[in-house]
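Observations on chain architecture
Listed below, chain by chain, are the residues.
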Amino acid sequence: MKKRLAILGSTGSIGRNALEVVGMHPDRFSVVALTGCMNIDLLARQIERFAPEMAVVRDAAGAAALKDRLAVVPMPGNLTRILYGKKGYIEAALHPEADIVVSAIVGAAGLMPTLAAISAGKDIALANKETLVMAGDIVMKRAKAKGVAILPVDSEHSAIFQCLSGNRRQDLKRILLTASGGPFLTRNNASFDSITPADALVHPTWNMGEKISIDSATLMNKGLEVIEAMHLFGVGLSEIEVVIHPESIVHSMVAFTDGAVIAQMGVPDMKGAIAYALSFPERIDVGLAIVDFAKIASLTFEKPDLERFPALTLARNAARSGGTAPCVLNAANEVAVDAFLRGVVSFTSIPALIEKTLEAHNPLPAPDIDAIMDADLWARNHTASLVRHLRG
Ligand code: NAD
Ligand code: MG
């Protein structure tokens, strides 16, 4: 039987890679729902190729444009139901025929559809780490209650998941979460203020969406991933160590009680982790080469520089505070990154804005989903007002 997928965020970097995997294995996978946002043209082409039953865009104007665009093509694309807005994204997540939901919307917008899919008992291939950063306790509890598998798509978490498989959970000693270090690993601190969005968007080893590329440049991505790993694997902050590994060949490692360290390696291509989440527990060929170790010659590792990359400490502190603090960290980061991408604030303002927002927040312990959404909104408004003040 084919696995039927709903892909939330199909027009993004993860979504496009997921569809490539589907395209390579039409005998294994079919697509029942696709969602985009503003990129109508790409979504239309995806609909023409994969003929989902449903497609979702951001608003009514986008839906009308998509319908027009599809009207001129022959079947089967014009049989697709077109929905829009937040309700539409939830409907895609709840699609009655979907066996697995690929959660690949970027940012906080991914939370509610992912939670809806879990409540409906759908397995999740999770790329949207923000879901776990914002509401990890609620999400994992609900997944457990519903018997839902959360299969990590984030390459590090996929690696950890693979390293843990076949081992006893109580033998885990430490997670060694690797990070490429981003484009500014060796850049001098004094010149950080002159970093432009164009500089920051060029990642040395991975090709990703804009927001996560900036997060990788500030190392906030690794901070978010520490929190993601805490929830996915039920480990404490002290059991996760971040290791800089510029080659991005070791996708992460797990150390066990007996001192053994198991690493998962591969070429840096997200199709590997996506395919593993979609085909688990099987492994399928998605055309990835085996690492040529002799050609690479050496793999290097170092400690992260917390002075140049304060975002990592901010994330660890938010994780330690718990409650609504990680949600506030995430929202402040989204607003600050957006302001940086628009050329409104400097690169070094990103962690500064997040820190100020966290300082002004009194975290609420054990929040329910309403309290989380309130904290998210509060943090967005607070950081936005700090941005206006900076421009002032
Ligand atoms: P992207 O920017 O390339 O794509 C984002 C997708 O989300 C697009 O399909 C877009 O249409 C949709 N979207 C954006 N805003 C939306 C909104 N408000 N409502 C509904 N849909 C919206 O991002 P990406 O790089 O593919 O990343 C997606 C997620 O996967 C992120 O959470 C990211 O952290 C995570 N992730 C990405 C990578 C990677 O290699 N790109 C690796 C690990 C994890
Ligand atoms: Mg990652």
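For the structure given in this document, a descriptive report is provided here. (Residues numbered from 1 in each chain as written. Chains lettered and ligands numbered in written order. Predicted model: local features only at pLDDT ≥ 70, side-chain atom pairs only at ≥ 80, totals over all residues. Heavy atoms only, no water.)

**Focus: the overall build of the protein chain**
In terms of helices and strands, the protein chain carries 16 helices and 11 strands. Against the compact-globule benchmark of 21 Å for 392 residues, the protein chain has a radius of gyration of 21 Å, which places it among compact chains. Overall, the C-alpha framework of the protein chain stretches about 55 × 55 × 45 Å when taken along its three principal axes. Here the protein chain holds 392 residues, and the buried ones make up 54% of them. Long-range pairs, those at least 24 residues apart, make up 71% of the contacts in the protein chain with a sequence separation of at least 6. (Helix = DSSP H or I, 4+ residues; strand = E, 2+ residues; numbered from the N terminus. Rg over C-alpha atoms; globule rule 2.2 N^0.38 Å. Buried < 20%, exposed > 50% of the residue type's maximum accessible area, 1.4 Å probe, protein only. Contact = heavy atoms within 4.5 Å.)

**A word on the pattern of salt bridges**
It is possible for side chains bearing opposite charge to pair when their charged atoms get close. Taken as a whole and assessed by the stated rule, the structure comprises 21 salt bridges. Note that Arg81 and Glu53 form a salt bridge whose closest N and O atoms lie 2.9 Å from each other. Here Arg81, found in strand S4 (residues 81–84), pairs with Glu53, found in the loop between helix H2 (40–50) and strand S3 (54–57); they are 28 residues apart in sequence, far enough to count as distant. Arg81 sits in the partly exposed class, given a relative accessible area of 39%. Judged by relative accessible area, which is 29%, Glu53 ranks as partly exposed. One salt bridge in this structure joins Lys222 and Glu225, with 2.6 Å as the shortest N-O distance. With a gap of three residues between them, Lys222 and Glu225 both fall in helix H10 (residues 220–233), about one helical turn apart. With relative accessibility at 1%, the residue Glu225 sits in the buried group. (Salt bridge = Lys/Arg side-chain N within 4 Å of Asp/Glu carboxyl O.)

**Regarding the coordination of the magnesium ion (ligand 2)**
Protein-derived ligands of the magnesium ion (ligand 2) are Asp154 (OD), Glu156 (OE) and Glu225 (OE), with the metal-ligand distances lying across 2.1 to 2.2 Å. Within one chain, the residues donating to the magnesium ion (ligand 2) are spaced in sequence as D-x1-E-x68-E. Highlighted residues: Glu156 in helix H7 (residues 155–164) and Glu225 in helix H10, separated in sequence by 69 residues. In this structure, Glu156 and Glu225 share a single accessibility class: buried. (Donors = N, O, S within 2.8 Å, 3.2 Å for Na, K, Ca; no water.)

**Overview of the sheet that holds strand S8 (residues 172–179)**
The strand order across the open sheet built from four strands is S9-S8-S10-S11, with neighbouring strands paired in mixed fashion. Of all strands in the sheet, those bounded by a partner on one side alone are strand S9 (240–244) and strand S11 (261–265). Here the average twist between neighbouring strands, direction ignored, is 20°. Pairing between strand S10 (residues 250–256) and S11: five bridges, direction antiparallel. Looking across to S11, one finds that Val250 is bridged to Met265. (Pairing = 2+ DSSP bridges. Axes fitted to C-alpha atoms, helices over the stretch in contact; angles between N-to-C directions.)

**Re the packing of helix H1 (residues 13–24) against H2**
Where H1 meets H2, the closest approach of the two axes is 12 Å, and the angle between their N-to-C directions is 15°. With respect to H2, the element H1 is oriented roughly parallel. With respect to the hand of their crossing, H1 and H2 are arranged in left-handed fashion. For the pair H1 and H2, contact is made by Arg16, Leu19, Val22 and Gly23 and by Leu42, Gln46, Arg49 and Phe50, respectively. Tallied by class, residues from the contact of H1 with H2 come to four nonpolar, two polar and two charged. (Parallel < 35°, antiparallel > 145°, perpendicular 65-115°, else oblique. Left-handed = near helix turned anticlockwise from the far one by under 90°. Nonpolar A, V, L, I, M, F, W, Y, C, P; charged D, E, K, R; others polar.)

**Observations regarding the packing of aromatic side chains**
Scanning the entire structure with this criterion turns up eight aromatic pairs. With 5.6 Å between their ring centres and 70° between their planes, Phe340 and Phe347 make a pair best called edge-to-face. Accessibility assignment for this pair places Phe340 and Phe347 in one class, buried. Connected via pairs of aromatic rings, a cluster forms that spans Phe184, Phe192, Phe309, Phe340 and Phe347. (Phe/Tyr/Trp six-rings, centres within 6.5 Å; stacked < 30°, edge-to-face > 60°.)

**Some words on helix H4 (residues 85–93)**
Every α-helix carries 3.6 residues per turn, so stepping three or four residues along brings you back to the same face. Of the residues making up H4, those classed as buried are Gly85, Gly88, Tyr89, Ala92 and Ala93. The buried residues of H4 occupy an angular sector of 140° when the element is viewed end-on, so they sit on one face. Projecting away from the buried face of H4 at angles above 90 degrees are the exposed residues Lys86 and Lys87. Among the structural elements, strand S1 (3–8), strand S2 (29–35), S3, S4, strand S5 (100–103) and helix H5 (111–119) are those in contact with the buried residues of H4. (Arc of directions from axis to C-beta.)

**A word on the site of ligand 1**
For ligand 1, the set of nearby residues contains 22 residues, the closest of which are Thr11, Ser13, Ile14, Glu130 and Gly209. For ligand 1, an oxygen atom lies 2.8 Å from a polar atom in the side chain of Thr11. The contact in question runs from an oxygen atom of ligand 1 to an N or O atom on the backbone of Ser13, over 2.8 Å. Compared with its free state, where it exposes 830 Å², ligand 1 has 85% of that area covered by protein. Only H1 and helix H6 (129–146) provide two or more residues apiece to the shell around ligand 1. Residues of the shell around ligand 1, tallied by class, amount to 11 nonpolar, eight polar and three charged. Here the shell around ligand 1 gathers at least three residues from each of two domains, domain 1 (3–152) and domain 2 (154–305). (Near = heavy atom within 4 Å. Polar contact = N/O pair within 3.5 Å; in protein donor to acceptor, adjacent residues only side chain to side chain. Areas by Shrake-Rupley, 256 points an atom, 1.4 Å probe, with all protein chains shown as cover. Domains from an automatic or database assignment.)

Function-wise, these values are silent; they only describe arrangement.
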